[in-house]
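Below, each chain spelled out in residue letters.
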Amino acid sequence: MERINVTSPLLPQLENFQPYLEDIWNRKWLTNNGHYHQELEKALCEYLKIDYISLYTNGTLPLITALQALRITGEVITTPYSFCATTHSIWWNGIKPVFVDIDPKTCNLDPEKIEAAITPRTTAIMPVHCYGIPCDVEAIEEIANKYGLSVIYDAAHAFGVEYKGRSILNYGDMSTLSFHATKVYNTVEGGALVTHDAKTKKRIDFLKNFGFADEVTIVAPGINGKMDEIRSAYGLVNLKQVDEAIILRKKIVETYCDGLNNIAGIRHLDYSNKNIKHNYAYFPIFIDKEKYGISRDELYEKLKENNIYGRRYFYPLISNMTTYKGYDSAHPDNLPIANKLADEVLCLPIYKDLKLSEVEKIVSLIKGFRN
Ligand SMILES: *Cc1c(COP(=O)(O)O)cnc(C)c1O
């Protein structure tokens, strides 16, 4: 079998992209809130059913600017079970991350454990909709309201996800997206910050452009986070096929679930909640060595021998990384579930062009490795 990676980027049709490039060449306006930048913001608001979005050059700078815009200080409660950019954004703001354990059913922050981590220095919560599975947004909102905390969702995985008929991006004070090549929807590199009112969007747009309010007025120490015209146009073309890609991802997930359901020691996430419109961003499985017979790492290696390249998202845990492991909250005793899942997880290949016959082949390999 040819090499199969965990993902493969969703690429726009070249012939559809070319006219946009010619138009950009004619306009000679390459960045700074250009024509296609504005078009993509409009198209994304419509597609995602949100009111305000600010485009970025990647998915990490919106996290950093969201903390700046809300003037978050002191301590921020977050999950250790994520891509390291989540905690890095807190650290880059000179804020102390405080790790709270996750719920094994969703892999998201466990709201029941949040209150115990709140101190007088806590100003915000930064949860992640891990794998695109929504957090318990209602419980988190209740805690945030009770203690007067801001909530910034890292929704890098949650493009197009809905909860109770509303975009998941409508929850919290702000949500961030990543349009990196590996995500469900990409602009090569890219990202966005979703806000809920015009005044906040305006401030975000200043902050992502060095703080410029006009030619001579610099209102804040902003950063350069702007998305350029080429990637904005690429994003417009790619947006046209994302629905189809999500339908194909759903079929892949169903095929994996059907095939893996009766293998002892292999668990997958639950996709049956009717309140959730999923985007099928990842397909993680969790390997219980006692029941399955071999460990996650052994399975990972054996699949690689067969040219199947899964990824151990999220291992290592952020709380075990050099920069963060010294914090009290990073101690493994405080994060037993996250540590367990980081040792058990393997994300299997999933992308639009992965054939169902290939999914079945992967399933039969996993069955065959049982011990
Ligand atoms: C991908 C990702 C990011 C960062 O996005 P970039 O676009 O790569 O900067 C942030 N958080 C999570 C959870 C991610 O998966």
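Analysis parameters
Residues numbered from 1 in each chain as written. Predicted model: local features only at pLDDT ≥ 70, side-chain atom pairs only at ≥ 80, totals over all residues. Heavy atoms only, no water. Helix = DSSP H or I, 4+ residues; strand = E, 2+ residues; numbered from the N terminus. Expected span 1.5 Å × (residues − 1). Buried < 20%, exposed > 50% of the residue type's maximum accessible area, 1.4 Å probe, protein only. Contact = heavy atoms within 4.5 Å. Pairing = 2+ DSSP bridges. Axes fitted to C-alpha atoms, helices over the stretch in contact; angles between N-to-C directions. Phe/Tyr/Trp six-rings, centres within 6.5 Å; stacked < 30°, edge-to-face > 60°. Lys NZ or Arg CZ within 6 Å of the ring centre and 35° of its normal.

*Asks:* I would appreciate a short explanation of helix 2 (residues 35-48) in the present structure.
*Replies:* Helical geometry: 3.6 residues make up each α-helical turn, so side chains three or four residues apart lie on a common side. The end-to-end C-alpha distance of helix 2 is 20 Å, a good match for the 20 Å that 14 residues give at a rise of 1.5 Å each. Listing the buried residues of helix 2 in full gives Tyr 36, His 37, Leu 40, Glu 41, Leu 44, Cys 45 and Leu 48. Residues of helix 2 that are buried sit in contact with helix 1 (14-27), strand 2 (52-56), strand 8 (166-167), strand 9 (174-178), helix 6 (198-207) and helix 7 (229-239). Trailing helix 2 by a residue or two, Lys 49 shows a phi angle of about 55°, which is positive.

*Asks:* Would you take a moment to explain the sheet that holds strand 13 (residues 266-268) for this structure?
*Replies:* Within a sheet, each strand pairs with its neighbour through backbone hydrogen bonds, oriented either parallel or antiparallel. The strand order across the open sheet built from 3 strands is 13-15-17, with neighbouring strands paired in antiparallel fashion. Edge positions in the sheet fall to strand 13 and strand 17 (345-348), since each has one partner strand and no second. Going from strand to strand, the sheet's axes swing by 35° on average, the running direction of each strand aside. Relative to strand 17, helix 10 (residues 296-305) is tilted by about 25°, and along the sheet it contacts strand 15 (283-287) and strand 17.

*Asks:* So what exactly am I meant to see when it comes to the sheet that holds strand 7 (residues 162-163) here?
*Replies:* Taken together, 3 strands build an open sheet; the order of strands is 8-7-14 and the sheet is antiparallel. Sheet topology places strand 8 and strand 14 (276-277) at the edges, where each strand pairs with a single neighbour. Summarising the sheet, strand 7 and strand 14 pair through 2 bridges and their orientation is antiparallel. Paired with Glu 162 across the strands is Lys 277, a residue of strand 14.

*Asks:* How should the packing of aromatic side chains be read in this particular structure?
*Replies:* Each aromatic ring pair is described using two quantities: the centre-to-centre distance and the angle formed by the ring planes. Within the structure shown, the criterion is met by 19 aromatic pairs. With a centroid separation of 5.8 Å and an interplanar angle of 80°, the aromatic rings of Tyr 81 and Phe 314 are classed as edge-to-face. Here the residue Tyr 81 occupies a position in the loop between strand 3 (75-78) and helix 4 (85-92), and Phe 314 occupies one in the loop between strand 16 (308-309) and helix 11 (336-344), the gap between them amounting to 233 residues. For the pair formed by Tyr 81 and Phe 314, the shared burial category is buried. Plain terms: the ring middles of Phe 210 and Phe 212 are 6.3 Å apart, the flat faces sit at 80° to each other, and that makes the pair edge-to-face. If you follow Arg 166 out to its NZ or CZ, it ends over the ring of Tyr 171, 4.8 Å from the centre. A cation over a ring is seen here: Lys 208 above Tyr 56, with NZ or CZ 5.7 Å from the ring centre.

*Asks:* Honestly, the environment of Gly 265 in this entry has me stumped. Any pointers?
*Replies:* Structurally, Gly 265 can be placed in the loop between helix 8 (242-260) and strand 13. Sequence spacing of Gly 265 and Tyr 292 is 27 residues, and the spatial spacing of their C-alpha atoms is 4.4 Å. Contacts of Gly 265, omitting those with residues within four sequence positions, involve Phe 286, Ile 287, Asp 288, Lys 291 and Tyr 292.

It is worth stressing that arrangement in space is one thing and function is another; only the former is reported here.
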